[in-house]
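The primary structure of each chain is shown beneath.
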Amino acid sequence: MVLFGATGDLAKRKLFPALFGLYKAKKLHADFRVIGSGRSVMSDSDFTAMVRHSIETFGRISIDTEEEWTQFISHFSYISLDVMNLQAYNALLALVHTKEKEAGTAGNRLFYLAIAPNLFGPVASYLKQSGLTDTNGWKRLVIEKPFGHDLASAEELNQQIQQAFDEEEIFRIDHYLGKEMVQNIEVIRFANSLFEPLWNNTHISNIQITASETVGVEERAVYYENAGALRDMVQNHMLQMIMMVCMEPPSRLKTEAIRDEKVKVLRSLRRYSEDEVPKYIVRGQYREGSMQNHKVAGYREEPNVKPDSLTETFVAAKLFIDNFRWAGVPIYIRTGKRMPRKSTEIVIQFKEMPQGIFFNKNGVLGPNLLIIRINPMEGMDLVLNAKKPGTDDDVVPISMSFCNNCGQETPEAYERLFYDAIQGDSTFFTRWDEVSLAWKFVDPIRRAWDNHPETLCYYEAGSFGPVESEKLLQQEQHNWWNVSTSSQEKIHGVELKHVDLQHRRPMYV
Ligand SMILES: NC(=O)C1=CN([C@@H]2O[C@H](COP(=O)(O)OP(=O)(O)OC[C@H]3O[C@@H](n4cnc5c(N)ncnc54)[C@H](OP(=O)(O)O)[C@@H]3O)[C@@H](O)[C@H]2O)C=CC1
Ligand SMILES: O=C1O[C@H](COP(=O)(O)O)[C@@H](O)[C@H](O)[C@H]1O
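Identification of the chain as Glucose-6-phosphate 1-dehydrogenase from Fodinisporobacter ferrooxydans is taken from an unreviewed UniProt entry. Under the UniProt heading Function (unreviewed entry), the note attached to the chain is "Catalyzes the oxidation of glucose 6-phosphate to 6-phosphogluconolactone." Per its UniProt entry, the chain bears the Sequence similarities (unreviewed entry) comment "Belongs to the glucose-6-phosphate dehydrogenase family."

Next comes the structure, spelled out in structure tokens:
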């Protein structure tokens, strides 16, 4: 494995810990080799110290013994090179040959591009030109996000990398697809006869997907200023979750059968013209506010952000999938930075009873909800109505909960994705047609906003986004569910008490 960008943030926070997790789980071949590379000049020992620091700081699994560490790190080496210099690849090729000989590998080569996106295309072609892709084993390219900046740039990048790698050799990362509970959506849907008959517009009122983050833009303003929440989260992670929730059952559990069904969802996703965008999509930017009683700066005051920046840090949208199953069901999505809590959740809201005979004390009956908690509290809640103990007809919402990561650590998304790429399983990577359709959906929205700066709304840091996001749902008499709550919020007039952190489930009173 050649890891480009081995001195970078992603490698330190995610990739080295993931490799160590796989090593501990004995999921790496005994003779694997990792060659890290970056521009920084460092010795192998400086590099190994950096890898150790990264695992100790960010890893979910600790190093048990010095012997274990020595064994693990003996598989690693480092080379300094500027990826824009074709000549520099000669030294890399020589090192790859040395390592392959030393380990007696079959010549299988995995190239991981954890470098800036503008380097993806050139590196792919230099890998070919330098002979690094000539091998008797297999070759694979793992490529980080973002894949392009819009459809045109994504197409250009795709053409570049396809000159060196075939589509089945390209593994485009969307780390949400490596998350346990995102993968679990398929199982929940297609392994339970309870849900599938109800999973359609006859029984589902609306679907809500929220990915809220407490962090601001942090040190990523240079990237984020040109991306915004639309390109950073919606074009990839949010659309991927929609595909998983809305796809038809695949005929077989095979990579292309699954991806074919996913892509059909994107084909049916209603595209908005520039004129329609303001009606269906809200964008916002956080202003100064307070997070857990601490004052935090507004986006425009963050380092490296333009003082008059129009970059959105929040997006909410009402989307429709125009097919038989989903016609008329609004799919609400929202994602933002500096929101009150870190949480990604999918709420399936079922339709009301055709005839009301039971009500709660406020004279309403809450809907049934299926809540799929992607993170951080992985699991699922089924919210039903039941009799309040000791009363005759007072109905209260109750929750049947499943926790996926209680009492056990579940693998990090990057562990799963690394493993799959090594195995050659691209099911949970994005295929080119998904990427291109996602950009076709996103590009007109971007254009509409660029042409109409006045559509940017504002929200206080620490809030759930601009008020316009609430209005988007109110047009249909819907409301956002803020389910994994730690504050006093209400479900249909019923107070949500708090999240029971010990048992990791929402509680209702
Ligand atoms: N960080 C994150 O949380 C996430 C990152 N990503 C994606 O991962 C990729 C890497 O991001 P991140 O780690 O944050 O970026 P960083 O800026 O932290 O790291 C960039 C890496 O690329 C190397 N590099 C830069 N220019 C060259 C060059 N000319 N030749 C050789 N190596 C070079 C740097 O080496 P050196 O410093 O030694 O010069 C460094 O190792 C990006 O595509 C990003 O979009 C995706 C999701 C999340
Ligand atoms: O890809 C990205 O995702 C993270 C959120 O990921 P999560 O696994 O923590 O939910 C986001 O912070 C970042 O801006 C984006 O680039």
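There is more to say, and it comes next.
Our next topic: the overall build of the chain. When helices and strands are tallied, the chain shows 13 helices and 20 strands. Here the C-alpha radius of gyration of the chain, 24 Å, is about what a compact globule of 509 residues would show, namely 23 Å. Each principal axis of the C-alpha atoms in the chain carries an extent, and together these give about 80 × 50 × 50 Å. In the chain, which comprises 509 residues, the share counted as buried stands at 56%. Once local pairs closer than 6 in sequence are excluded, the contacts in the chain between residues at least 24 apart make up 74%. As displayed, the chain has an accessible area near 22,500 Å², and 50% of this comes from carbon and sulfur atoms. The chain carries 58 positive and 67 negative side-chain charges, and their two centres are separated by 2 Å.

Looking at ligand 1, there are 21 residues lining it, with Thr 7, Asp 9, Arg 13, Ser 40 and Lys 145 nearest. Between ligand 1 and the protein, one listed contact pairs an oxygen atom with a backbone N or O atom of Leu 10 at 2.8 Å. One of the backbone nitrogen or oxygen atoms of Lys 145 is found 2.8 Å away from an oxygen atom of ligand 1. If ligand 1 stood free it would expose 890 Å²; the protein chains cover 78% of that surface. Looking at the shell around ligand 1, the element that brings in the most residues is helix α1 (residues 9-24), giving three residues. Of the residues belonging to the shell around ligand 1, the class tally is ten nonpolar, five polar and six charged.

Scanning the model with the defined rule gives 33 salt bridges in all. Note that Glu 56 and Arg 52 form a salt bridge whose closest N and O atoms lie 2.9 Å from each other. With a gap of four residues between them, Glu 56 and Arg 52 both fall in helix α2 (residues 44-58), about one helical turn apart. Between Asp 381 and Arg 373 there is a salt bridge whose closest N-O contact spans 2.7 Å. With relative accessibility at 0%, the residue Asp 381 sits in the buried group. Among the residues examined, Arg 373 registers a relative accessible area of 1% and is labelled buried. One network of salt bridges, in which partners are shared, links Glu 256, Arg 259, Asp 260, Arg 431 and Asp 433.

Every residue lining ligand 2 is accounted for by Lys 145, His 175, Tyr 176, Lys 179, Glu 213, Arg 220, Asp 232, Met 233, His 237, Lys 337, Lys 342 and Asn 375. Interatomic distance of 2.5 Å between a side-chain N/O atom of Glu 213 and an oxygen atom of ligand 2. Lys 337 places a polar side-chain atom, nitrogen or oxygen, 2.9 Å from an oxygen atom of ligand 2. Burial of ligand 2 by the protein amounts to 82% of the accessible area it has alone, namely 400 Å². Of the residues forming the shell around ligand 2, the biggest block, three residues, is contributed by helix α8 (residues 221-246).

Bringing the sheet that holds strand β2 (residues 34-38) into the picture now. Taken in spatial order, the six strands make up an open sheet running β3-β2-β1-β4-β5-β6, and their pairing is parallel. Edge strands, defined here as strands with exactly one partner in the open sheet, are β3 (76-80) and β6 (170-172). When strand polarity is set aside, the average angle formed by the axes of neighbouring strands in this sheet is 20 degrees. With three bridges joining them, strand β1 (residues 2-4) and β2 adopt parallel strand pairing. In the sheet register, Leu 3 faces β2, and the bridge partner there is Gly 36. The sheet contacts of helix α6 (residues 151-162) involve β5 (139-143) and β6, and relative to β6 the element is tilted by about 150 degrees.

Let's shift gears to the nonpolar core. In this structure, Phe 4, Phe 16, Leu 92, Tyr 112, Ile 207, Ile 242 and Ile 346 are the most contacted members of the largest nonpolar core, which totals 148 residues. The leading source of residues in this core is α8, at 14 residues.

What follows is about the UniProt feature "binding site: substrate" (unreviewed entry) in the chain. Feature annotation in UniProt assigns "binding site: substrate" (unreviewed entry) to the following positions: His 175, Lys 179, Glu 213, Asp 232, Lys 337 and Lys 342. As for its placement among the helices and strands, Glu 213 is situated in the loop between β7 (204-212) and α8. Classification of Glu 213 as buried rests on a relative accessible area of 13%. Residues contacting Glu 213, with those up to four places away along its chain left out, are Met 233, Gly 336, Lys 337, Arg 338, Met 339, Arg 341 and Lys 342. Considering the arrangement of structural elements, one finds Asp 232 in helix α8. Once residues within four sequence positions are removed from consideration, Asp 232 is found in contact with Lys 145, Arg 220, Tyr 223, Tyr 224, His 237 and Lys 337.

Below, the discussion takes up the packing of α8 against helix α12 (residues 432-451). Relative to each other, α8 and α12 sit at 140 degrees, their axes nearing to 10 Å. Classified by the interaxial angle, the pair formed by α8 and α12 is oblique. Here the hand of the crossing between α8 and α12 comes out right-handed. Where α8 approaches α12, its residues Ala 227, Leu 230, Arg 231, Gln 235, Leu 239, Gln 240 and Met 243 are matched on the opposing element by Glu 434, Val 435, Ala 438, Trp 439, Phe 441, Val 442, Ile 445, Arg 446 and Trp 449.

Turning our eyes to something else, we now look at helix α9 (residues 255-268). In this model α9 runs 21 Å from its N-terminal to its C-terminal C-alpha over 14 residues, within 8% of the 20 Å that 1.5 Å per residue would give. With ten of 14 residues buried, α9 is to be regarded as a mostly interior element. Every buried residue belonging to α9 is among Thr 255, Ala 257, Ile 258, Arg 259, Glu 261, Lys 262, Val 263, Val 265, Leu 266 and Ser 268, and all of these are buried. Where α9 is buried, its residues touch α7 (180-190), α8 and α12.

About the criteria used
- Residues numbered from 1 in each chain as written.
- Chains lettered and ligands numbered in written order.
- Predicted model: local features only at pLDDT ≥ 70, side-chain atom pairs only at ≥ 80, totals over all residues.
- Heavy atoms only, no water.
- UniProt positions renumbered as here; feature names shortened; annotations may be inferred.
- Helix = DSSP H or I, 4+ residues; strand = E, 2+ residues; numbered from the N terminus.
- Rg over C-alpha atoms; globule rule 2.2 N^0.38 Å.
- Buried < 20%, exposed > 50% of the residue type's maximum accessible area, 1.4 Å probe, protein only.
- Contact = heavy atoms within 4.5 Å.
- Areas by Shrake-Rupley, 256 points an atom, 1.4 Å probe, with all protein chains shown as cover.
- Lys, Arg positive; Asp, Glu negative; His and termini not counted.
- Charge placed at Lys NZ, Arg CZ, Asp CG, Glu CD.
- Near = heavy atom within 4 Å.
- Polar contact = N/O pair within 3.5 Å; in protein donor to acceptor, adjacent residues only side chain to side chain.
- Nonpolar A, V, L, I, M, F, W, Y, C, P; charged D, E, K, R; others polar.
- Salt bridge = Lys/Arg side-chain N within 4 Å of Asp/Glu carboxyl O.
- Pairing = 2+ DSSP bridges.
- Axes fitted to C-alpha atoms, helices over the stretch in contact; angles between N-to-C directions.
- Core = buried A, V, L, I, M, F, W, Y, C linked by side-chain atoms within 4.5 Å.
- Parallel < 35°, antiparallel > 145°, perpendicular 65-115°, else oblique.
- Left-handed = near helix turned anticlockwise from the far one by under 90°.
- Expected span 1.5 Å × (residues − 1).

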